[in-house]
Amino acid sequence: MKRGKLLVVPAMGWLSLFFALPLLIVVVVSFASRTAYGQVVFNWTLANYIRFFEPLYMTIFATTIVTALGTTLLTFAMGYPVAYTIAMILPKKWQQAGIILVMIPFWINFLIRSFAWVIILRSQGVVNTILLHLGLIQKPLTLLYNDAAVLLGMVYALLPFMVLPIYVSLEQMDKRLLEAASDLGAPPVTAFRRITLPLTMPGVAAGSILVFISSLGMFVVPDIMGGAKSALIGNIIQNQFLAARDWPFGSALSIILALLALVMILLYYKALQAQKGGQAHAKNLA
Amino acid sequence: MKKLRSLFTLSLSLFLLFAAGCGGSKDAKKEEAKVLNIFSWADNFNPQVLKDFEKKYNCKVNYDVFANNEELLAKLQAGGSQYDVIQPSDYMVTTMTKLGLLEKLDKSKMPNTANIMDKLQHTTFDPNGEYSVVYTWGMTGIVYNTKYIKTAPTSWNDLWNPEYKGRVILLNDSREVFGMALKKHGHSNNSTDPAQIQEAFDDLKTLAPNVLAYDTDSIKQKFIAEEAWIGTMWSGDAYFTHKDNPDIAFVIPKEGTTVWADTFAIPKGAKHKELAEQFINYLYDPEVSVKNYEYIGYNDPNTKAASLHAKSFIEDPMLKTAVDQIDRGEWLTDIGDAITLYDKDWTELKTIK
């Protein structure tokens, strides 16, 4: 057992050096303030956290949360059927291929894929050119540099994070339950609603957490596909570290964002525990 | 609390020690051959010029790049002596001077720097030219596509024309956007007066419906692909955009504008100061600068090189505009605490739908 513990040392060392220590520095800096020339002075103040509650930043925070929720709902609506098709409908030998297809976009850098969307959607882009040639539109549509384009980019970027956990849940589900439901006369829709969906909820929750938290911190998509017109909290943080050179305020915003993510994860575990409890209860009844 | 604080200090210093240790060992290995470590913008030199310098001075040039001034500043504050030559922009020279990060330049060791045009020798960001020499420079102006805009713009106010709804691109940079609006109202682009900044901000809010996007990095593509008709752009970018789309034109508005520069400076404690001075001097040699500036496509500040350049380069309309109109430009300087005013309004500008 002792020797086993030694094996953890490299990972723990790595994490404490490159994760815990930088995080600690961010926490410390968030209580500091900036000098006229952007240096950090440690005077232990709550000013950065108080500034967050100004209406301007609250509005941006609210917009960010709404965008993240929208992204999560859309990825769920699109991701569940994809995961279901791969896990339940495709023959076994094609499942692997299906999963690889979902992962393929990760082989190309995300920044490059975002610029690819610009080429597809811009006024002289692929979509507009085709529609113009077909005579379906008279002048190019404005498909880029608005909130819809930002949402599209986010959903595109984060869809795999929803598909994969749901796929795993579906894969692990005991298929005999569906046969039993069918034997007892439940039509497929009822079986899906009362068996498949509840049993894959942990996968849906895990996917939602991954998508929601990742979209909270997004700043590349609003910059490239949104034309930097709509600011999300990620863009504000980036701005504090670069143009405004206000590291303390940027750090405070990062900490608030991290706390929100933490709350989400705690809620997830709570829900998971409750569900497990519920299941155990159901088993006892049976 | 005290215990906590010393724990923080301990971990901070441990971290810094670690970071410093890494930098140190890297340099020690290369002690043998003469090495010049440059920290600069991407594509900022003709690679042949760097090779020629290596040959002439029997040394090796390491060329590292940064994406923005803030990254340069952060690296330098974490221990800048790993670089010998850096290229801060105008306002960053002020900041670095104030923070004591720059070595005073000994111009007697760089006689070629006297070739730099007079107007670039005395700037507001480095009044006596003690810490920096201008390397590339240009102006912010109005870029427009003559296919869509028939009468040439003359004023910043032309961006507000309701016919250009959704066709305007502004630089994604708070100082540039506010500088433009401040100039429009006859103020300095370095204004720290809250009333003037508010006036500029109120005006910018009315420009928002016209704005297609804010962009600095891929603004050229947006004009080449004709997504945008009109907007603000740096003269150097206008030069490249014009090359790919001949319908592009560039003007300096009558109210005045921002003139900017990237400079050469030597960070405090540079390990190869002599070689750095030789390098800077070499780049202002007239023949070298002809080779260099025609490759990178920026205005050559070297007065001795003017007669040696190709006619097409000297007379390029994009580059010539900046030279002719330099007196309409005002340098950006570090505005200290006022940047938080700009930043707050800038953030709010981005929330307007």
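Values in this document were obtained by computation on a predicted structure and should not be read as measured data. (Residues numbered from 1 in each chain as written. Chains lettered and ligands numbered in written order. Predicted model: local features only at pLDDT ≥ 70, side-chain atom pairs only at ≥ 80, totals over all residues.)

Examining the interface of chain A and chain B
Facing the 28 residues of chain A at the interface are 31 residues of chain B. Breaking the side of chain A that touches chain B down by element, the ones donating at least two residues are helix 2 (9–29), helix 4 (55–89) and helix 13 (233–241) of chain A. Considering every element that reaches the side of chain A that touches chain B, the biggest residue donor is helix 2 of chain A, with 4 residues. A per-class count over the side of chain A that touches chain B returns 15 nonpolar, 9 polar and 4 charged. (Contact = placed C-beta atoms within 7 Å. Helix = DSSP H or I, 4+ residues; strand = E, 2+ residues; numbered from the N terminus. Nonpolar A, V, L, I, M, F, W, Y, C, P; charged D, E, K, R; others polar.)

Examining helix 6 (residues 110–121) of chain A
Residue and element names in this part refer to chain A. Taking 1.5 Å per residue as the helical rise, helix 6 with its 12 residues ought to reach 16 Å, and the 17 Å between its terminal C-alpha atoms agrees with that figure. Listing the buried residues of helix 6 in full gives W117, V118 and L121. Looking straight down helix 6, one finds its buried side chains confined to an arc of 105 degrees; they lie on one side. Exposed positions of helix 6 whose direction lies more than 90 degrees from the buried face are I112, A116 and I119. Buried residues along helix 6 sit in contact with helix 7 (126–133), helix 8 (147–172) and helix 12 (220–224). (Expected span 1.5 Å × (residues − 1). Buried ≥ 20, exposed ≤ 12 C-beta atoms within 10 Å, placed from the backbone. Arc of directions from axis to C-beta.)

Observations regarding the domain arrangement of chain B
For interface size, the figure often reported is the accessible area lost on association. Residues and elements named next belong to chain B. With domains assigned, chain B is organised as domain 1 (2–137 + 261–315) and domain 2 (138–259 + 330–349). Listed as interface residues are 12 residues of domain 1 and, on the opposing side, 9 residues of domain 2. Tallying contributions element by element places helix 4 (residues 90–98) first for the side of domain 1 that touches domain 2, with 4 residues. (Domains from an automatic or database assignment.)

Topic: the pairing of strand 4 (residues 133–145) of chain B
Residues and elements named next belong to chain B. Within strand 4, 12 of the 13 residues are buried, which leaves the element mostly enclosed by the surrounding structure. One ladder, built from 6 bridges, connects strand 4 with strand 9 (residues 257–264); its direction is antiparallel. Directly across from V134, in strand 9, lies its bridge partner T263. Judged from the 5 bridges that link them, strand 4 and strand 7 (residues 230–234) form a sheet pairing that is antiparallel. Opposite T140, over in strand 7, you have W234 as the bridge partner. Where strand 4 meets strand 8 (residues 248–251), 4 bridges bridge the pair, whose relative direction is antiparallel. Note that in strand 8 the partner of V143 across the bridge is F250. (Pairing = 2+ DSSP bridges.)

Re the environment of I60 of chain A
Residues and elements named next belong to chain A. Mapping I60 onto the fold places it in helix 4. A tally of 22 C-beta atoms within 10 Å means that I60 is categorised as buried. In sequence terms I60 and I233 are 173 residues apart; their C-alpha atoms lie 6.2 Å from each other.

A word on the sheet that holds strand 2 (residues 60–65) of chain B
Residues and elements named next belong to chain B. The 3 strands lie next to each other as 2-1-3, forming an open sheet whose pairing is parallel. Since the sheet does not close on itself, it has two edges, and those belong to strand 2 and strand 3 (85–86), each with one partner. Two strands pair when backbone bridges link them, and strand 1 (residues 35–40) and strand 2 are joined in this way by 6 bridges, in the parallel orientation. If you follow V35 over to strand 2, its bridge partner there is K60.

With respect to the packing of helix 8 (residues 235–244) of chain B against helix 12 (residues 317–324) of chain B
Residue and element names in this part refer to chain B. Two numbers describe how helix 8 lies on helix 12: the axes approach to 8 Å, and their chain directions differ by 160 degrees. In terms of axis orientation, helix 8 runs roughly antiparallel to helix 12. The handedness of the crossing between helix 8 and helix 12 is right-handed. Listed contacts from helix 12 to S235, A238, Y239 and H242 of helix 8 are M318, L319, T321 and A322. For the contact of helix 8 with helix 12, the per-class residue count stands at 5 nonpolar, 3 polar and no charged. (Axes fitted to C-alpha atoms, helices over the stretch in contact; angles between N-to-C directions. Parallel < 35°, antiparallel > 145°, perpendicular 65-115°, else oblique. Left-handed = near helix turned anticlockwise from the far one by under 90°.)

A look at the nonpolar core
With 133 residues, the main nonpolar core has Y167 of chain A together with V85 and V168 of chain B as its most contacted residues. With 14 residues, helix 8 of chain A is the largest single contributor of residues to this core. For this core, the two domains that each supply at least three residues are domain 1 (2–137 + 261–315) and domain 2 (138–259 + 330–349) of chain B. Among residues more than four places away in sequence, those in contact with Y167 of chain A are A83, I86, A87 and I99 of chain A. (Core = buried A, V, L, I, M, F, W, Y, C linked by C-beta atoms within 7 Å.)

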